Amino acid sequence: MKIFTKITLLQLIKAVAFIVTLVLLLFYENLPKRTMALHPELTKNVHESVDNIIGGNSEIIWIDKTQLNWVCHLRAGTLYPYCGISVSWSKPAAKQLDLSSYGALEVKLDYKGPASFLRVFLRNYYPVPGMTDIVGKAKFNSFSTLATDYSKTVILPFSDLRVADWWIENNKIPPKEIKTDISKVIAIGIDIPFPNKLGRHNFQLKSITATGNYFSKETLYFSIILFWAVFLISENLIRQTKLLSMIKVSDAQIKEFRTISEIYREKAENDQLTDILNREGLNRIVDDLYAKKSLHNYALLVIDLDFFKTINDDYGHAVGDSVLQEVSKIFKACIRSYDIVARWGGEEFIVLFHCIGSESIEPFAEKVRQTIESTSFVAGTIQNVTVTIGVTKIARSELFENAFIRADRALYQAKETGRNKTIINL
């Protein structure tokens, strides 16, 4: 069981980055759009497209050409009657617009008439042999939409565009060139395609706008994957660099601590029963570490044997002393040469565990606790001896007494919530 009291800056950055990633993925379609107003802002020329040039009887009548308000009289007279207009950005139609970075057209059109559907088309520059009519020969990309849809703004995704079969056949286009292309658009138009209903068709084209996201979903996904890969690699490198730096800085100190620890093990007062440091010996080491400003390199573990009085009452004090001796041997087996263990008094022990960061504290404390829990004592006479552990990390320039109070509170909390557990209060 562990209580966390710190959030590192790196963790905060990671949390913010995760939230931003989630927002981008969930609300991609709601992100601000890039737009290009095509009509009326860029319109410079209007082209009529009527079947009367091939012998048909349809005609266009302009109500207001400046406002692109016209009437198509669609009449029988040719095999495929058609009628419509297109707008271009220059006269003659030579200026090209690259719409490949946009995702759709938004078309505002007032229409009244019997047509079941209308067609919007984009003429993309394409140099076919014998070209004399730039617009008429340009690649014919189109979508057909229900006429009733134009009661409101219609959004036409470019993914729905199709290249007309008649354009492919008439111009003998090779297979590799028949895919849609809107990278060199010279005109955009609206017409009444075949088959459709003959009669009077009233139009007023109000606006055409190209819209799209500033970046595609594919770009977003790639950027997110790249960001997290770089972030996680960088995080690992930072941690490794910091760890190596701290290890180098403290290497000399660790060697000195090891020497000091050995000296105190030999010369300091030991507990007569358990052959480990007693409280006085521990205090001498703590004072020396504090003077050298090295005490903050340790975690403090306060360890208490659970229900030790019951062992003394049931088996006698001699057996209880044997348990204390065997538990002390476990402590000495678990620690390293530069860690410190002492008997604080009665059935309470102290361990100063040397650590650079906080990550290794809980695994060490749990190792001690679980080792004792799984051991039989006094030649198998006593089973299920357990300990409760309160842990804290000693802060820089902090007095040992203050850290002890914090660890003792954690120990008390662990006892109050069931014993045989570790609680960490960093």
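(A) Quick look at the overall build of the protein. Check the secondary structure of the protein and you find nine helices and 17 strands. In terms of overall size, the protein is more extended than a compact globule, its C-alpha atoms giving a radius of gyration of 42 Å where 426 residues would be expected to give roughly 22 Å. Taking the principal axes of the C-alpha coordinates as reference, the protein spans close to 120 × 45 × 40 Å. The proportion of buried residues among the 426 residues of the protein is 44%. Surface exposure of the protein reaches about 22,800 Å², of which carbon and sulfur atoms provide 56%. Positive and negative side-chain charges of the protein, numbering 51 and 46 respectively, have mean locations separated by a distance of 9 Å.

(B) Just the sheet that holds strand 5 (residues 83-88), in detail. On the basis of which strands lie adjacent, the open sheet formed by six strands has the order 2-5-11-7-8-10 and antiparallel pairing. Looking at the sheet topology across the chains shown, the edges are occupied by strand 2 (45-50) and strand 10 (162-163). Inspection of the sheet shows strand 7 (residues 117-124) paired to strand 11 (residues 185-192) by six bridges, in the antiparallel sense. When the sheet's bridge partners are listed, R119 is paired in strand 11 with D191.

(C) Representation of the side chain of N196 in the model. Take N196: it is sitting in the loop between strand 11 and strand 12 (199-213). Within polar-contact distance, the side chain of N196 engages the backbone oxygen of F117 at 2.8 Å. Among residues more than four places away in sequence, those in contact with N196 are L74, A115, S116 and F117.

(D) Layout of the packing of aromatic side chains. The final tally for this structure, using the stated rule, is 15 aromatic pairs. Ring geometry for W62 and W70: centres 5.8 Å apart, planes at 50°, overall tilted. Grouping aromatic residues by their ring pairs yields a cluster made of W62, W70, Y111 and F203. Over the ring of Y102 we find R34, and its NZ or CZ is 5.0 Å from the ring centre. Stacked on the ring of W344, the Lys or Arg R279 has its end atom at 4.1 Å from the ring centre.

(E) Broad picture of the pattern of salt bridges. For the coordinates displayed, the defined rule picks out 15 salt bridges. Measuring nitrogen to oxygen at the nearest pair gives 3.0 Å for the salt bridge that ties E235 to K14. Separated by 221 residues along the polypeptide, E235 in helix 4 (residues 217-267) and K14 in helix 1 (residues 9-26) bring together distant segments of the chain. Note that E398 and R406 form a salt bridge whose closest N and O atoms lie 2.8 Å from each other. No difference in accessibility class separates E398 from R406, as the two residues are buried. One salt-bridge network, held together by shared partners, links K14, E235 and R239.

(F) Quick look at the state of the cysteines. Tallying each qualifying case throughout the model produces one disulfide. Covalently, C72 is tied to C83 through a disulfide, its sulfur atoms 2.0 Å apart. Here C72 and C83 share a disulfide; its torsion about the S-S bond, -80°, makes the bridge left-handed. Linking C72 in strand 4 (residues 69-74) with C83 in strand 5, this pair joins segments that are eleven residues apart in sequence. The exposure classification of C72 matches that of C83, with both residues buried. Free of any disulfide, C334 has its nearest neighbouring cysteine sulfur in C355, separated by 16 Å.

(G) Here's a closer look at unusual backbone geometry. In this structure, the amide linkage connecting H39 to the following residue, P40, adopts the cis form with an omega of 5°. With respect to the element layout, P40 can be found in the loop between strand 1 (33-39) and strand 2. Cis geometry marks the peptide bond from F194 to P195, where omega comes out at -5°. Topologically, P195 is positioned in the loop between strand 11 and strand 12. In the Ramachandran plot, K172 falls in the positive-phi region, its phi being about 50° despite a non-glycine side chain.

Cut-offs and rules
Per chain, the residues get numbers from 1 upward, laid out in the order the sequence is written. Local features are withheld for residues below a pLDDT of 70 in this predicted model, meaning they are given only at 70 or higher, and side-chain atom pairs are given and counted only at 80 or more; totals for whole chains, interfaces and linings count all residues. Excluded from the side-chain calculation are hydrogens and water; included are all heavy atoms of the structure. Secondary structure follows DSSP: runs of H or I at least 4 residues long count as helices, runs of E at least 2 residues long count as strands, and numbering of each begins at the N terminus. With C-alpha atoms as the basis for the radius of gyration, the globule rule is written as 2.2 Å multiplied by the number of residues raised to the power 0.38. Three labels apply to residues, based on accessible area from a 1.4 Å probe with only protein chains included: buried if under 20% of the type maximum, exposed if over 50%, partly exposed otherwise in between. Where accessible areas are quoted, they stem from the Shrake-Rupley method and a 1.4 Å probe; at the residue level, only the protein chains shown are allowed to cover. Charged residues are defined narrowly, with Lys and Arg counted positive, Asp and Glu counted negative, and His plus the chain ends left uncounted. To locate a charge, take atom NZ for lysine, CZ for arginine, CG for aspartate or CD for glutamate. Strand pairing is assigned whenever DSSP identifies at least 2 bridges connecting the two strands. What qualifies as a polar contact is a pair of N or O atoms within 3.5 Å, subject to a donor-acceptor requirement within protein and to the restriction that residues adjacent in sequence count only when both atoms come from side chains. Should any heavy atoms of two residues lie within 4.5 Å, those residues are counted as being in contact. Any two rings among Phe, Tyr and Trp, with Trp reduced to its six-membered ring, count as a pair given centres within 6.5 Å; such a pair is stacked if its planes are under 30 degrees apart, edge-to-face if over 60, and tilted if neither. Put simply, a charge is over a ring when the Lys NZ or the Arg CZ is close to the ring centre, within 6 Å, and near the line of the ring normal, within 35 degrees. For this document, the term salt bridge refers to a Lys or Arg side-chain nitrogen within 4 Å of an Asp or Glu carboxyl oxygen. A pair of cysteine sulfur atoms is labelled a disulfide when the two atoms are within 2.5 Å.

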